[in-house]
Amino acid sequence: MIEIRNIVQSYGRNRVLDDVSLTIEDRSITALIGANGAGKSTLLGVASRLLPVISGCVLLDGIDLRDIKTREIAKAIAVLKQTQSIAVRVTVSELVEFGRFPHCGGRLKQVDKDKIEESINFMDLDDIRDKYIDELSGGQRQRAFIAMILAQDTRYIFLDEPLNNLDIKYSVEMMKIIKRLVRDLNKTIIIVLHDINFAAAYADYIVAMKDGKITNRGRVKDMVTCDVLNNVFDHKFNIIEHHGRRICLYYGSRKFHKSEKMLDKRGMGRQIHMQKCLHHFSKHEVSKAKMKKVLEHHLSAYMHKHKKHDYINKMEQREIRTREHVH
Amino acid sequence: MDYIKSINFKRLIIISLFVILVIASMLIGALESVTVKSLFQGDQTSWMVIWSSRLPRTLAVILSAAGLSVAGLIMQAISRNKFMSPSTAGASDAAGLGIMIAYIALNTQEGIIKTIFGFFFALIATLLFTSVINRMKIREVVYVPLIGMMYGGLISAITTLICYHFDAMQLFAAINQGSFARIGSFATVYIIIVPVVLAMFYAARFSIIGLGEDFSKNLGLNYNRVVFLGLVIIALISAASYTAVGPLPFVGLIIPNMTTTFYGDNIKKSMLDLMFFGADFVLICDIISRLVIFPFEMSVSLTISVIGGIVFMGYVIATMRKGKYRGKKSVTPSTAKASGEE
């Protein structure tokens, strides 16, 4: 178990992490989310000993990281930062061999060789094992680095934005691999993600950060809500449920209406629209007359736009009246 | 078994070329009576010439070339920059400064004392350079060696100033010219064996360092310590080779570059080939410089500069073309220009 206790970290006068404490559950995926500069990468760096701790401590199974030899930490915690900048000509199998360094110090024994084979096979890299990593596609490259981390044979894996520069297909593939690492190999993964939808779909826990502090944390279903996300990202979110999964819409409002229009063909958009209006009213105190006026205006404009039949309009009016009563 | 498997065609060519060149280097010289035949007949003068002149000379060539190649490779791994070498980081110039100071302050001394002086100067100079460069966080690859060259120029200007002041310009001119003809101080060149063995021992660590600081920390490596060790190795090789044979330009730059295109950046794998390759290159240059105005000889620095310059230009252009062909930007025109300047 990794425990982060009261970490304060600053660059010059700028406080990047302000008294952050966090416990990471074993055998799970924890996603760190937050806006740029919220301190996600710094927290990851501190927790994975890449950055020195200024104040506070990080405990690995109850022992302070500063009291453990770096070689020993490297056997327990692996961390992969953005890899696209690494421009070195080594083959995939050589890269994976580097992962054994903490265990063998550069001289491979049979155990190490077995582990290397295992990692290469797990990541399905056997065909390209002799290719140089600068000749690979983004997805293959990322897989090669993950294989190296696997060869390192650690319980904890920290990944800093592993989906950067990957296109959709490879991003999904990468997240599936990460899911498999937890399920099949009992790894514990902490991952910094930019795309909230990837976090919602694949993570077990989400930790939201803002201005160097952890604002919220919890299971995905508690975290992917309008209130939490609006606060964390300072942006208006819309959340849709689709087959029991939550999807966040955070694009421009026009696009949102477009998606509503599409839904309307199945008669769903109207409901969402109504709910939106009512939600708005419940938040702001508005007089009943104004409320009715706005609602009617909204609906007539909406209906006019979609050239609905009159009887639907009548039904809408009735619906408004009933809702008003309820309200 | 692994070792036998790893012997490949490329390595075989390099090593056989090496053997041929060593034999040629032994047999070429002012005394023409030294031939294979006379050696087999047990001719005493021939053997004496071989033992006291040609063998030390050939060994000096091999060791200094192999050493400088290794130093260049480590420098490139540490700085993660393919255009770095001991001569583009001020190491060679600082070694020269140290050796000149040893000459001036202590008069004629054993090669080892001069080497120690050169070593400390080179180490301090490279330490200063790398720490300043790391702090500057320069993104463009070309600027670092350019700054390094200016830095080296500054150091050699100081050397010139000191020599001028102590009226030692002639000595400086003689030392600052790479040559394998100064047999007297060749003994110093054997010092190179120490850092080279050290480098082989730490090869895996240097490869990992080449992948970046975070990467090496992740694998439990003490980044700063390994970088320091690398700089010590570089400084020792620069100083010893400078004392023994003078500056050999380009060796630390082109040999690692060409080897890594063939063998990749895994230092552990490529080191042996790198050393043989470097030795081949300098042996060829040395033989040429001995043959051009036979029975006299030219400075080997000159031959290396001419041949090395041409080879390196060709290499850069080739990688540029290849890069274009693959649709990748491996060497930009600006880097080609910069290397041409050297």
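The structure displayed is predicted, hence computed values, not measured ones.

Calculation notes
- Residues numbered from 1 in each chain as written.
- Chains lettered and ligands numbered in written order.
- Predicted model: local features only at pLDDT ≥ 70, side-chain atom pairs only at ≥ 80, totals over all residues.
- Heavy atoms only, no water.
- Pairing = 2+ DSSP bridges.
- Helix = DSSP H or I, 4+ residues; strand = E, 2+ residues; numbered from the N terminus.
- Expected span 1.5 Å × (residues − 1).
- Buried < 20%, exposed > 50% of the residue type's maximum accessible area, 1.4 Å probe, protein only.
- Core = buried A, V, L, I, M, F, W, Y, C linked by side-chain atoms within 4.5 Å.
- Contact = heavy atoms within 4.5 Å.
- Buried area = accessible area lost by both parts, 1.4 Å probe.
- Salt bridge = Lys/Arg side-chain N within 4 Å of Asp/Glu carboxyl O.
- Polar contact = N/O pair within 3.5 Å; in protein donor to acceptor, adjacent residues only side chain to side chain.
- pLDDT = per-residue confidence, 0-100.
- Axes fitted to C-alpha atoms, helices over the stretch in contact; angles between N-to-C directions.
- Parallel < 35°, antiparallel > 145°, perpendicular 65-115°, else oblique.
- Left-handed = near helix turned anticlockwise from the far one by under 90°.

**Q** Now, about the sheet that holds strand E1 (residues 2–11) of chain A: what can you tell me, with residues and values included?
**A** Residue and element names in this part refer to chain A. The strand order across the open sheet built from 4 strands is E2-E1-E4-E5, with neighbouring strands paired in antiparallel fashion. Strands with a single pairing partner mark the edges of an open sheet, and in this sheet they are strand E2 (14–24) and strand E5 (63–64). Relative to strand E4 (residues 55–60), E1 runs antiparallel, the two sharing 5 bridges. Each bridged residue has a counterpart across the sheet, and for valine 8 the counterpart in E4 is serine 55.

**Q** Go over helix H6 (residues 138–151) of chain A, please, and point to the residues and values.
**A** Residue and element names in this part refer to chain A. The first and last C-alpha atoms of H6 sit 20 Å apart over 14 residues, in line with the 20 Å expected at 1.5 Å per residue. Of all 14 residues that make up H6, 12 are buried, and the element is covered over most of its length. Residues Gly139, Arg141, Gln142, Arg143, Ala144, Phe145, Ile146, Ala147, Met148, Ile149, Leu150 and Ala151 constitute the buried set of H6. Two residues or fewer after H6 comes aspartate 153, characterised by a positive phi angle close to 60°.

**Q** Break down the nonpolar core for me, citing the residues and quoting the values.
**A** Among the nonpolar cores identified, the biggest contains 155 residues, and Leu95, Ile189, Ile191 and Ile206 of chain A together with Phe215 and Ile304 of chain B are the most heavily contacted of them. Sort the elements by how many residues they give to this core and helix H4 (residues 44–79) of chain B lands first, with 16 residues. Core analysis: the next-biggest nonpolar cluster, separate from the first, contains 28 residues, Leu43, Val46, Val58 and Ile73 of chain A among them.

**Q** Requested: an account of the interface of chain A and chain B, with residues and values cited.
**A** Taken together, the contact between chain A and chain B spans 30 residues of the former and 26 residues of the latter. Each partner contributes to the roughly 2200 Å² buried at the junction of chain A and chain B, and carbon and sulfur atoms together form 53% of this total. Looking at the side of chain A facing chain B, the largest losses of area belong to Arg89, Phe98 and Phe101 of chain A, adding up to 29% of the total buried there. For the interface between chain A and chain B, the tally reads 1 salt bridge. Note that glutamate 94 of chain A is salt-bridged to lysine 269 of chain B, the shortest N-O span being 2.6 Å. One can count 11 residue pairs in polar contact (both at pLDDT 80 or more) joining chain A with chain B.

**Q** So what's going on with unusual backbone geometry? Residues and values would help.
**A** Residue and element names in this part refer to chain A. The phi angle at aspartate 19 is positive, at roughly 55°, despite the residue not being glycine. Judged by its relative accessible area of 45%, aspartate 19 is partly exposed. Backbone geometry places aspartate 124, a non-glycine residue, at a positive phi of 60°. Classification of aspartate 124 by relative accessible area gives exposed; the value is 56%.

**Q** Hey, could you go over the confidence of the model for chain B for me, with residue numbers and the actual values?
**A** Residue and element names in this part refer to chain B. Here chain B averages 84 in pLDDT, and 90% of its residues register 70 or above. Overall, residues 324–342 carries pLDDT values under 50, and its contacts beyond four positions in sequence, including any with other chains, amount to 30 contacts. Reported confidences for the modelled complex are a pTM of 0.81 and an ipTM of 0.82.

**Q** Please provide a residue-by-residue account of the sheet that holds strand E10 (residues 213–219) of chain A, values included.
**A** Residues and elements named next belong to chain A. Across the sheet, 6 strands lie side by side as E6-E7-E8-E3-E9-E10; this open sheet has mixed pairing. Because the sheet does not close on itself, it has two edges, and the strands there are strand E6 (77–80) and E10. Neighbouring strand axes in the sheet, compared pairwise and without regard to direction, differ in orientation by 15° on average. Of the strand pairs in this sheet, strand E3 (residues 29–34) and strand E9 (residues 205–210) are connected by 5 bridges, and their pairing is parallel. What sits directly across from isoleucine 33, in E9, is alanine 208. Along the sheet, helix H7 (residues 168–185) makes contact with E3, strand E7 (156–160) and strand E8 (188–192), crossing E8 at roughly 150°.

**Q** Hey, could you go over the environment of glutamate 213 of chain B for me, with residue numbers and the actual values?
**A** Residues and elements named next belong to chain B. Mapped onto the fold, glutamate 213 is located in helix H11 (residues 213–218). The exposure class assigned to glutamate 213 is partly exposed, which follows from its relative accessible area of 33%. Measuring from C-alpha to C-alpha, the distance between glutamate 213 and proline 247 comes to 31 Å, with 34 residues separating the pair along the chain. If sequence neighbours within four positions are ignored, glutamate 213 has contacts with Arg80 and Tyr223.

**Q** Now, about the packing of helix H6 (residues 111–136) of chain B against helix H12 (residues 223–245) of chain B: what can you tell me, with residues and values included?
**A** Two numbers describe a pair of packed helices, the interaxial angle and the distance between the axes. Residue and element names in this part refer to chain B. At a minimum axis distance of 7 Å, the contact between H6 and H12 shows a crossing angle of 140°. One way to sum up the angle between H6 and H12 is to call them oblique. The crossing of H6 and H12 is right-handed. Mapping the contact onto sequence places Gly111, Lys114, Thr115, Gly118, Phe119, Ala122, Leu123, Thr126, Leu127 and Thr130 in H6 and Phe228, Leu231, Val232, Ala235, Leu236, Ala239, Ala240 and Thr243 in H12.

**Q** So, H6 of chain B: which residues are in play, and what are the values?
**A** Residue and element names in this part refer to chain B. The terminal C-alpha atoms of H6, which comprises 26 residues, lie 37 Å apart, in line with the 38 Å expected from a rise of 1.5 Å per residue. On the buried face of H6, the contacting elements are H4, helix H5 (91–106), helix H7 (143–165) and H12. At the C-terminal side of H6, lysine 137 shows a positive phi close to 50°.

**Q** Can you explain the environment of arginine 141 of chain A? Please cite residues and give values.
**A** Turning to its location among the elements, arginine 141 of chain A is positioned in helix H6. Put simply, arginine 141 of chain A and leucine 17 of chain A are 124 residues apart on the chain and 31 Å apart in space, counted from C-alpha to C-alpha.

**Q** So what's going on with the side chain of glutamine 152 of chain A? Residues and values would help.
**A** On the secondary structure map, glutamine 152 of chain A appears in the loop between H6 and E7. We classify glutamine 152 of chain A as buried; its relative accessible area is 0%. Polar side-chain contacts of glutamine 152 of chain A include one of 2.8 Å to the backbone oxygen of alanine 74 of chain A. With near-sequence residues (within four places) excluded, glutamine 152 of chain A lies in contact with Ala74, Lys75, Ile77, Ala78, Gly99, Pro102 and His103 of chain A together with Asn218 and Leu219 of chain B.

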